[in-house]
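Okay, here's what each chain looks like letter by letter:
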Amino acid sequence: MTATLPAPDRPGADAPAPLAPQARLWPSLAAVYRSQLSRARVARIPLLFVATFQSIGIMILMRGVVDSGPGDEARAVVAGSSVLVVAFVALNLLAQYFGRLRAEGGLDFYATLPVPGAAVALGTAAAYASFTVPGVVVTAVTGCLMYGLPLSGLWLLVAVVPLAGAALAGLGAAVGLLAPRAELATLCGQLGMSAALLLGVLPASRMPEPITWLRDLLPSTYGVEALAQVLGPGADWGSVTANLAVCAAAGALALALATWAYRRAAGR
Amino acid sequence: MARGGEGAAYPGRVSPFPAQTGVNMVEAGCPPDDGAAGSVTALAVRGLTKTYPGRRARGRSRDQPAVRASDGIALDVHRGEIFGLLGPNGAGKTTLVRQLTGLLRPDEGSVSLLGHDLVRYPRRAPRLLAYLGQDATAIDELTVSLAAETAGRLRGLEAADARRAAHETLDELGLGELAARPLKRLSGGERRLAAVGATLTGERPVLVLDEPTSGMDPVARRAVWSAIDRRRAERGATVVLVTHNVIEAETVLDRVAVLDGGRVIACDTPGGLKSLVGDEVRLDLVWREQPPAADPALARLREDARISGRRWTLRLTPERARAVVTTVTAGPAFGALDDFTLATPSLEDVYLALGGRGEGLVKA
């Protein structure tokens, strides 16, 4: 019965209507980034404080067993605690956010807009990486003062935060979007952050070998290594560059994974 | 209110769609009516079927059987029409609109929107329509103006155009004063209105709105309806909307498809649907406590009434209704009467007369 017959007196009945243009990648990425960033004012600030206090608390605890001065351990503690802020916010909170969004049907908002998947995944990841900046800076400066390390190396945060942020936010987004239930996303985010804490803050030289393999698998490790290098005298710039390059590669992979996970979650 | 005895109120009534089999359901779909011969179809849906798989029991929970949420749905919506999907919760309205918007893949059937096959090309849907879903988690923590502006940008507008469009839409909806407030801090109705604002920012020829006015006060509702109507009048927009509010359905919709159990059980103009229940009127009598038991006229009425607490609901011909009102208001029963209303049939009556089994329709 059904056919709606396009009679001759219905011009254009069977000519498809023009499609509105697809939103372009960079403008829509910027729009997602801006909107996500604005959420910090409404919802995220208490948790950003928690992230910073957690790291400072760990440094205070470790101060009891680690000597001041530019030794391996002091540098590892300060660098690890600083990058831990990134893990808390970008990995853990973003996994929770996407897990909740997916579970509650919030992804429908983006899925019914003509926006590239990469814009949503990358814009959100970038915003979460940005949320970490104040906490990382406060933690790193506090740590350097507490452990008697030079502040002059902290400029490297300009590279470490975005690269570790990309890697961890990408992973967090992927975990949140792929987890079948919101609770699982939360659990995985928490576990990832615990891993970053245990494997990042403690100096590698004290770890059993199987644990160091695990440590090598965690992308934040390379950010920690690079930062730890420049907190001491006579940094090996080749090693710093290599560590940052690994971080960048892991970041690119993680963001690609996040984009794929978004398309999978938002598609049908 | 118990509506279980509804069948008894229509003894011998023949449903216009007697055998609700899958085959007949196609015929109970919603083809263009005769009065719209010159119109152009915006949305054509054929044989749309979607079954949610059942779940095996885990722990102490029970097996969940598979649910056929869309069962051979056929619809035609004309360009420039405000078309409603009416039914209680669980009737399959949201499942249907999610298939129309490319969010959900149907098991079978076709969806053609403005000449585009959305089953095959679901990513074209966002370029043809704007969708208001039931959930606003994605924009909950944004301010009202940023939510609308972001939606505009993600619909492809340039930054300045998106800002202007958002501003205009929010003014149109009377949200100007709330523009700087985050959605989360607004009341339920205001939040819904802000979500409507985000949906209407950035022009689209088709609007698909899932319960756009739920939780809104009358002022906000009017703002939404006039904004939608303006888009239809000025730009020929086509609107498909979900509602379970029968009053709203009667006043704003051009045509309405009544859904029940994933099927279209009727489809017509609100007036056309109401004529299905004939010219019977509904008389509600509400008693202060108990109606006078000795009155023989009341005893007869009681047999025909659907009784819910102190309320008796009767479906009568207009002549008989007048006679009953005269009897009740003139006789000794009047002293026991708290209130009475006489009303022409509503879409709810239509829904129940058609065999709808849900109880979730709203009448406010």
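Residues numbered from 1 in each chain as written. Chains lettered and ligands numbered in written order. Predicted model: local features only at pLDDT ≥ 70, side-chain atom pairs only at ≥ 80, totals over all residues. Heavy atoms only, no water.

If you check an unreviewed UniProt entry, chain A appears there as ABC transporter permease from Streptomyces lonarensis. Its UniProt record gives chain A a comment under Subcellular location (unreviewed entry), which states: "Membrane". (UniProt positions renumbered as here; feature names shortened; annotations may be inferred.)

In this section: the packing of helix α5 (residues 144–154) of chain B against helix α6 (residues 159–172) of chain B. To characterise two packed helices, one gives the angle between the axes of the helices and the distance between these axes. All names here are of chain B. The geometry of α5 relative to α6 is characterised by a closest axis approach of 8 Å and an angle of 130 degrees between their N-to-C directions. As summarised for this structure, α5 and α6 are arranged oblique, according to the angle between their axes. Viewed along their axes, α5 and α6 form a crossing whose handedness is right-handed. Across the interface between the two elements, Val144, Ser145, Ala148, Glu149, Gly152 and Arg153 from α5 touch Ala159, Ala162, Arg163, Ala166 and Leu170 from α6. (Axes fitted to C-alpha atoms, helices over the stretch in contact; angles between N-to-C directions. Helix = DSSP H or I, 4+ residues; strand = E, 2+ residues; numbered from the N terminus. Parallel < 35°, antiparallel > 145°, perpendicular 65-115°, else oblique. Left-handed = near helix turned anticlockwise from the far one by under 90°. Contact = heavy atoms within 4.5 Å.)

Here the focus is the sheet that holds strand β4 (residues 108–113) of chain B. All names here are of chain B. Across the sheet, four strands lie side by side as β2-β1-β4-β5; this open sheet has antiparallel pairing. In this open sheet, the two strands that pair with only one neighbour each are β2 (67–78) and β5 (116–117). In the sheet, β4 pairs with β5 via two bridges, with the strands oriented antiparallel. The residue bridging Leu113 from the neighbouring strand is His116, located in β5. (Pairing = 2+ DSSP bridges.)

Residues and elements named next belong to chain B. Positionally, Arg231 belongs in helix α8 (residues 218–235). In this structure the side chain of Arg231 is engaged in a polar contact, spanning 2.9 Å, whose partner is the side chain of Glu172. When sequence neighbours within four positions are dropped, the list of residues in contact with Arg231 reads Thr169, Glu172, Leu200, Leu207, Gly236 and Ala237. (Polar contact = N/O pair within 3.5 Å; in protein donor to acceptor, adjacent residues only side chain to side chain.)

Another point: the confidence of the model for chain B. Across chain B, the average pLDDT comes to 84, with 86% of residues at 70 or higher. Contacts from residues 1–28 of chain B, a stretch scored under 50 in pLDDT, to residues over four places away or in other chains number 47 contacts. (pLDDT = per-residue confidence, 0-100.)

Below, the discussion takes up α8 of chain B. All names here are of chain B. For α8, with 18 residues, the first-to-last C-alpha span of 25 Å sits near the 26 Å given by 1.5 Å per residue. Residues Ala220, Ala223, Val224, Trp225, Ala227, Ile228 and Arg231 constitute the buried set of α8. Close packing links the buried residues of α8 with β3 (82–86), α6, α7 (188–200), β7 (206–210), β8 (238–243) and α9 (246–252). The N-cap of α8, judged by a side-chain oxygen 3.2 Å from the amide nitrogen of Val219 a few residues on, is Asp217. Note on α8: the residue one or two positions beyond its end, Gly236, has a positive phi of about 65 degrees. (Expected span 1.5 Å × (residues − 1). Buried < 20%, exposed > 50% of the residue type's maximum accessible area, 1.4 Å probe, protein only.)

Right, let's talk about the packing of aromatic side chains for a bit. All names here are of chain A. For the structure on display, the rule yields seven aromatic pairs over all chains. Summarising the aromatic geometry, the rings of Phe49 and Phe53 are spaced 6.0 Å apart at their centres and angled 25 degrees between planes, so their arrangement reads as stacked. Of this pair, Phe49 and Phe53 are both found in helix α1 (residues 25–63), four residues apart, which corresponds to roughly one turn of the helix. The class for Phe49 is partly exposed, based on a relative accessible area of 49%. What links up through ring pairs into an aromatic cluster is the set Tyr97, Phe98, Tyr128 and Phe131. Cation over ring: Arg39 sits above Tyr97, and NZ or CZ is 3.9 Å from the ring centre. (Phe/Tyr/Trp six-rings, centres within 6.5 Å; stacked < 30°, edge-to-face > 60°. Lys NZ or Arg CZ within 6 Å of the ring centre and 35° of its normal.)

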